[in-house]
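Here is how the chains run, residue by residue.
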Amino acid sequence: MTTSFTKDDIEILIATMNQSSLDFLIPMFSDSALLEIPILIVNQTNKTNLLASDNPKISVINSFEKGLSKSRNLALQNAKGKILLIADDDVVYHKNMITTILDAYNAHPNAASIVFCATNLEGKTFKKYPKQTKPNLNRLDIYNVMSIEMTLNKAIIAGNSVIFDEDFGLGSPYTMGEEAVFLNDLKNKKQHIVFVPKNIVSHPEETTNHKISLEQKYHLIGALYSRNYKKACFLWIIIQFFFDLKQSKIQWKQVVPLYKIAHFGRLHYLKHNK
C-alpha cells in the first residue's frame, strides 16, 4: 500500500544570487503559513557576500559557481524532501499551493514530475493550459513547461540519476531550455510527467530584456534538439518551423535563413560536446 504524502514531505528549492538577507522571502510567501515548509536556498555569490539563516526551516548553501542549472543540481543533491518545488527568487506562492500539490501527488504517487499552472502577478495565466489533467506529457508538451511550474518526486529523480544539463539555462552556453532537457531525460527513462490544471504560483511578466530574437531562438533550438534527439534533430527543427508558421511567429521567407542558423547551433553544440 502506498503511503500518502503529507505537508512534511514538501521542500522548496530556491535559486538566487548575491543575497545577504532573507528578506527576499517575504513577498514570496505572502501567506505566512507557507513559511512552515522547509526551504533550501542556493545563493550563488562571492566570499564577501554570504547569506545565513538561523531559522531551522530555512537552509542555505552559498555557492561560488555560476549558472542556473548548477544551482538547481546543487539543490537536488542536498534536498531532503520527498516532493521538491523548483523556485526562482521572484515568484509568489498561492496560499492553497500545499493542498493542491499534495492532492496531485497522492493521486499520482508514481509520477516523476507533476507540472502545474502559473499566473502573472495580476492573476492572469501565462499561457493557454489544458483544461483537464494529462497523465503523461508527451515530447512536444515538455517544451512548453517553465521551471516554476515543475515539482519533482525526489526518490524517482534520484533513482533514475536525472539532473539538469549544465550546458543549458541562464549563465550557461545556452541560456534557455534546461527544463525541456531535464524532462526529456525523464521521458527517456520511461518516467511519467503529469500535468494538473491548478495554479500554484505567480511570477512577474517577462520583460523585453528577457526575450530573445528569432535568430537567438533558432540557434538555441539547433543545440537543444541536437542534445535531445541526436540524428532526429532535423525532423524536430522542421516540426518547430511548422508550429511557428502556423502561429504566424515567422514567415515563409524566413525559413531558409533560420534553418541555417539552427544548423549552426547544432554544429556549435556538437563541437563543444564531442
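Structure shown above.
These numbers were taken from a predicted model, which means no experiment stands behind them.

S.K.: Could you give an account of the nonpolar core, with specific residues and numbers?
M.R.: Within the largest apolar cluster, 61 residues are counted, with the highest numbers of intra-cluster contacts made by Ile12, Ile14, Phe29, Tyr93, Met97, Ile101 and Phe182. Excluding residues that lie within four positions of it along the chain, tyrosine 93 makes contacts with Ile12, Met28, Phe29, Ser30, Leu34, Leu85, Ile86, Ala87, Ile200 and Val201. Membership of the second largest hydrophobic core comes to 20 residues, among which are Phe168, Trp236, Ile237 and Tyr269.

S.K.: Explain the side chain of glutamate 179 residue by residue, including any values.
M.R.: Relative to the helices and strands, glutamate 179 is located in helix H5 (residues 178–188). Comment: no salt bridge for buried glutamate 179; closest opposite-charge side chain is arginine 72, at 6.1 Å. Setting aside anything within four residues of it in sequence, one finds glutamate 179 in contact with Val145, Met146, Ser147 and Met150.

S.K.: Explain a nonpolar patch on the surface to me, using residue names and the numbers behind them.
M.R.: On the surface, Leu140, Phe242 and Phe243 cluster together into a nonpolar patch covering about 280 Å² of accessible area. For phenylalanine 242, the position within the fold is in helix H7 (residues 233–246).

S.K.: Before we move on, could you go through the environment of lysine 82 and cite the residues and values that matter?
M.R.: Here lysine 82 is to be found in the loop between helix H2 (68–78) and strand E4 (83–88). Along the chain, lysine 82 and threonine 16 lie 66 residues apart, while their C-alpha atoms are 22 Å from each other. The residues touching lysine 82, leaving out its near neighbours within four places in the chain, are Phe5, Asp9, Leu152, Asn153 and Lys154.

S.K.: Go over the packing of H5 against helix H6 (residues 214–229), please, and point to the residues and values.
M.R.: Contact geometry of H5 with H6 gives a least axis separation of 10 Å together with a crossing angle of 15°. As far as their axial angle goes, H6 and H5 are roughly parallel. Crossing hand, H5 versus H6: right-handed. For the pair H5 and H6, the contacting residues are Ala180, Val181, Asn184 and Asp185 in the first and Leu224, Arg227, Asn228 and Tyr229 in the second. Among the residues making up the contact of H5 with H6, the classes are represented as four nonpolar, two polar and two charged.

Calculation notes
Residues numbered from 1 in each chain as written. Predicted model: local features only at pLDDT ≥ 70, side-chain atom pairs only at ≥ 80, totals over all residues. Heavy atoms only, no water. Core = buried A, V, L, I, M, F, W, Y, C linked by side-chain atoms within 4.5 Å. Buried < 20%, exposed > 50% of the residue type's maximum accessible area, 1.4 Å probe, protein only. Contact = heavy atoms within 4.5 Å. Helix = DSSP H or I, 4+ residues; strand = E, 2+ residues; numbered from the N terminus. Lys, Arg positive; Asp, Glu negative; His and termini not counted. Salt bridge = Lys/Arg side-chain N within 4 Å of Asp/Glu carboxyl O. Patch = residues over 30% accessible without salt bridge, like charges linked within 9 Å, V, L, I, M, F, W, Y side chains within 5 Å. Areas by Shrake-Rupley, 256 points an atom, 1.4 Å probe, with all protein chains shown as cover. Axes fitted to C-alpha atoms, helices over the stretch in contact; angles between N-to-C directions. Parallel < 35°, antiparallel > 145°, perpendicular 65-115°, else oblique. Left-handed = near helix turned anticlockwise from the far one by under 90°. Nonpolar A, V, L, I, M, F, W, Y, C, P; charged D, E, K, R; others polar.

All quantities given are derived from atomic positions and should not be read as evidence of function.
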